[in-house]
Amino acid sequence: MTFSTWIDAETNSGVGVAFTDRFGGHSLAPYDSWNLGRRGLDDQVDDNFALLKSAVRCDQIAISAQVHGTHVERVDSRYPFLGTSTGSDPEADALITRDLGVALVTRVADCVPVLLADPRAGVIGAAHAGRVGLLAGVIQETVRAMRAHGAQSIQAWIGPHICVSCYEVPAAMANHAWEILPATRGVSRQGSKAIDLGEGAVSILEAEHVSVTRCDPCTACDPRFFSHRRDHGKTGRQAGVIWRDIRVLPGSPSEDAQ
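About the thresholds
Per chain, residue numbering runs from 1 following the sequence as it is written. The predicted origin of the model limits local features to residues at a pLDDT of at least 70 and limits the giving and counting of side-chain atom pairs to 80 or more, whereas totals for whole chains, interfaces and linings rest on all residues. Neither water nor hydrogens contribute to the side-chain values; these are computed over all heavy atoms in the structure. Pairing between strands requires that DSSP locate at least two bridges from one strand to the other. Where helices and strands are cited, they refer to DSSP runs of H or I of at least four residues and of E of at least two residues respectively, numbered from the N terminus. Axis geometry follows a simple rule: fit a line to the C-alpha atoms, using only the stretch in contact for helices, then measure angles between N-to-C directions, giving values from 0 to 180 degrees. Contact criterion: two residues are considered in contact whenever any of their non-hydrogen atoms come within 4.5 Å of each other. Points on a 1 Å grid over protein atoms alone make up a cavity when a 1.4 Å probe fits among them but cannot get out, and a pocket when they form an open set with protein on both sides within 12 Å along at least five of seven lines; lining residues each have an atom within 4 Å of a point. Grid points are joined across faces, edges and corners, and a volume is the space filled by probe spheres set on the points. In this count, Pro and Cys sit with the nonpolar residues alongside Ala, Val, Leu, Ile, Met, Phe, Trp and Tyr, while Asp, Glu, Lys and Arg are called charged and the others, Gly among them, polar. Definition used in this section: a nonpolar core is a set of buried Ala, Val, Leu, Ile, Met, Phe, Trp, Tyr and Cys residues joined via side-chain atoms within 4.5 Å. Categorising residues by exposure relies on relative accessible area from a 1.4 Å probe, with only protein chains included: less than 20% of the type maximum marks a residue as buried, more than 50% marks it as exposed, and the intermediate range marks it as partly exposed.

Enquirer: Tell me about the sheet that holds strand β7 (residues 112–118), and please be specific about residues and values.
Expert: In spatial order, the strands read β4-β5-β8-β7-β9-β12; together these six strands make up an open sheet with mixed pairing. Every other strand in the sheet has two partners, leaving β4 (72–75) and β12 (211–214) as the edge strands with one partner each. When the angles between neighbouring strand axes are averaged without regard to direction, this sheet yields 20°. Lying over the sheet, helix α3 (residues 138–148) contacts β4, β5 (94–97), β7 and β8 (123–129), oriented at roughly 170° with respect to β8. Each of β7, β9 (155–158) and β12 is contacted by helix α5 (residues 197–207), which is oriented at about 160° to β12, the strand it contacts most.

Enquirer: So, empty space enclosed by the protein: which residues are in play, and what are the values?
Expert: Enumeration over the complete set of coordinates arrives at one cavity of 30 Å³ or more. Quantified by volume, the largest cavity comes out at close to 40 Å³. The wall of the largest cavity is formed by W6, D8, A9, A55, V56, R57, W243, D245 and R247. In terms of residue class, the lining of the largest cavity is built from five nonpolar, no polar and four charged.

Enquirer: So, the sheet that holds strand β6 (residues 102–108): which residues are in play, and what are the values?
Expert: Ordered by their spatial adjacency, five strands build an open sheet running β1-β2-β13-β6-β3, and the pairing between neighbours is mixed. Among the strands making up the open sheet, the edge pair consists of β1 (3–7) and β3 (60–62). Across this sheet, the average inter-strand angle for adjacent strands is 15°, counted without regard to direction. In the sheet, β1 pairs with strand β2 (residues 15–20) via four bridges, with the strands oriented antiparallel.

Enquirer: Break down the layout of surface pockets for me, citing the residues and quoting the values.
Expert: In this structure, the largest pocket encloses a volume near 720 Å³. Here the lining of the largest pocket is composed, by residue class, of 10 nonpolar, 11 polar and eight charged.

Enquirer: Describe in detail the nonpolar core, supporting the description with residues and values.
Expert: Ranked by internal contacts, the top residues of the largest apolar core, which has 38 residues, are V114, L116, L134, I139 and L205. The set of elements that each furnish at least two residues to this core consists of β5, β7, β8, α2 (131–136), α3, β9, α4 (171–180) and α5. Judged by nonpolar contacts, the second largest core, of 18 residues, contains V17, L95, V102 and I242.

Treat this as a map of the structure, not an account of what it does.
Below, the structure written as structure tokens:
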């Protein structure tokens, strides 16, 4: 298994940040190979999540059924963590938690994965921001929920997603996005109207006074990633993952040495 981005908790004030790619898992084509998508479509997803669990060294993995909405779910000890429940995953496009040793996962195949943290306050979040959710306010709702639980100084990481050059859309769809969020205005590789999801996400985060780090190669351009558009809808999902390492707390010697 490999990661396009890995930020170790020991160098990041106790918060681990990772964006997966598609390599090193158990899935067969067209989901090859480290698919972290829907389990009903690929019998190897649970084994792939076991690899992720081992990598981040968290006993509890929180996922959700993402529906391109704005609902933010708080994850605590009552949450149906991966492997502990046979029921449906809760519907939510963002997760937040204050709990140590819990990994929050957002799954994408062109949409924007946004990971957020206030290490001092001990609050982390993960949001799934596709075109619909981005325009509806899923990032703002995630920031508000984190602040309601004590976050003050939030930093964010934007992971791999489709780039503006690849995200050509009908003119009416582009005009609608541009009107709501002007930063999404863009031109495709073909010279037609396009939506810039990355710039849109950055503009929202900066307006919310959140510092942003971009770790976002294009999923459609780069064969390391699953892409819903490039692969015509039959593909897997990579993930953005964020966790607070129980072994590394803010104020510990490892952090103070930074």
